[in-house]
Amino acid sequence: MTNAPDDQQRPEPVVEPSVERPAESIVERDEVTVRRAPKVPVFLIMGAALGVVVSLIVTSLFPFDSGEGVAQTYGYISLWGLTIGGAVGCVVAIIAERVTSRGAKRVQVERERLEVPVAEPDAVPRQVTDGESDRA
């Protein structure tokens with residue numbers, strides 16, 4: 001019994017094209033609309049966070065039931081503050097979206113694409129592997 005591996009692992013041969021062909025450049029022109037759009041999740045998170053802070057302020061301003069603790073009262077009211085604050089944040093995001101869509105601009109753009117032709121099937125590629133040298 002030996003510890004030698006069954007097969008020696010060899011790297012895949014690298015195929016190099018025998019003839020270099022120039023790449024063809026294609027330029028396309030188009031007209032697009034560019035505008036700044038608000039990020040809705042940011043408005044949602046900030047609205048919810050402000051709702052929780054407002055619920056903390058509301059909880060501390062009014063007297064609470066002696067049978068309930070301050071933390072339990074704050075937790076209940078913060079659920080409402082979180083929900084209402086998130087909804088207000090979404091409404092603000094929708095209003096900001098409407099305002100920024102008015103400032104949209106139409107601009108001309110160019111897109112450059114390089115196309116490299118595919119090698120002909122008649123050409124035989126030369127294989128290069130590690131450890132082999134180019135001997136002719």
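Residues numbered from 1 in each chain as written. Predicted model: local features only at pLDDT ≥ 70, side-chain atom pairs only at ≥ 80, totals over all residues. Heavy atoms only, no water.

Draft legend 1. A look at helix 1 (residues 40-61). Over its 22 residues, helix 1 extends 32 Å from the first C-alpha to the last, a length consistent with the 32 Å expected when each residue adds 1.5 Å. Among all positions in helix 1, only G47, A48, G51, S55 and T59 are buried. Here the buried residues of helix 1 occupy an arc of 105° about the axis, which is enough to place them on one side. Helix 1 presents I45, L50, S60 and L61 as exposed residues on the side facing more than 90 degrees away from its buried surface. Tucked into the core, helix 1 has its buried residues touching helix 2 (70-101). (Helix = DSSP H or I, 4+ residues; strand = E, 2+ residues; numbered from the N terminus. Expected span 1.5 Å × (residues − 1). Buried < 20%, exposed > 50% of the residue type's maximum accessible area, 1.4 Å probe, protein only. Arc of directions from axis to C-beta. Contact = heavy atoms within 4.5 Å.)

Draft legend 2. Quick peek at the pattern of salt bridges. Tallied over the entire structure, the rule returns four salt bridges. With a shortest N-O distance of 3.4 Å, E28 and R113 are connected by a salt bridge. Here E28 is found in strand 2 (residues 24-34), whereas its partner R113 is found in strand 3 (residues 105-115), with 85 residues between them in sequence. For R113, a relative accessible area of 39% puts it in the partly exposed group. Note that E31 is salt-bridged to R106, the shortest N-O span being 3.0 Å. Residue E31 is found in strand 2, and its partner R106 is found in strand 3; the two are separated by 75 residues along the sequence. The class for E31 is partly exposed, based on a relative accessible area of 38%. Classification of R106 as exposed rests on a relative accessible area of 52%. (Salt bridge = Lys/Arg side-chain N within 4 Å of Asp/Glu carboxyl O.)

Remember, this is a structural readout, not a statement about activity or role.
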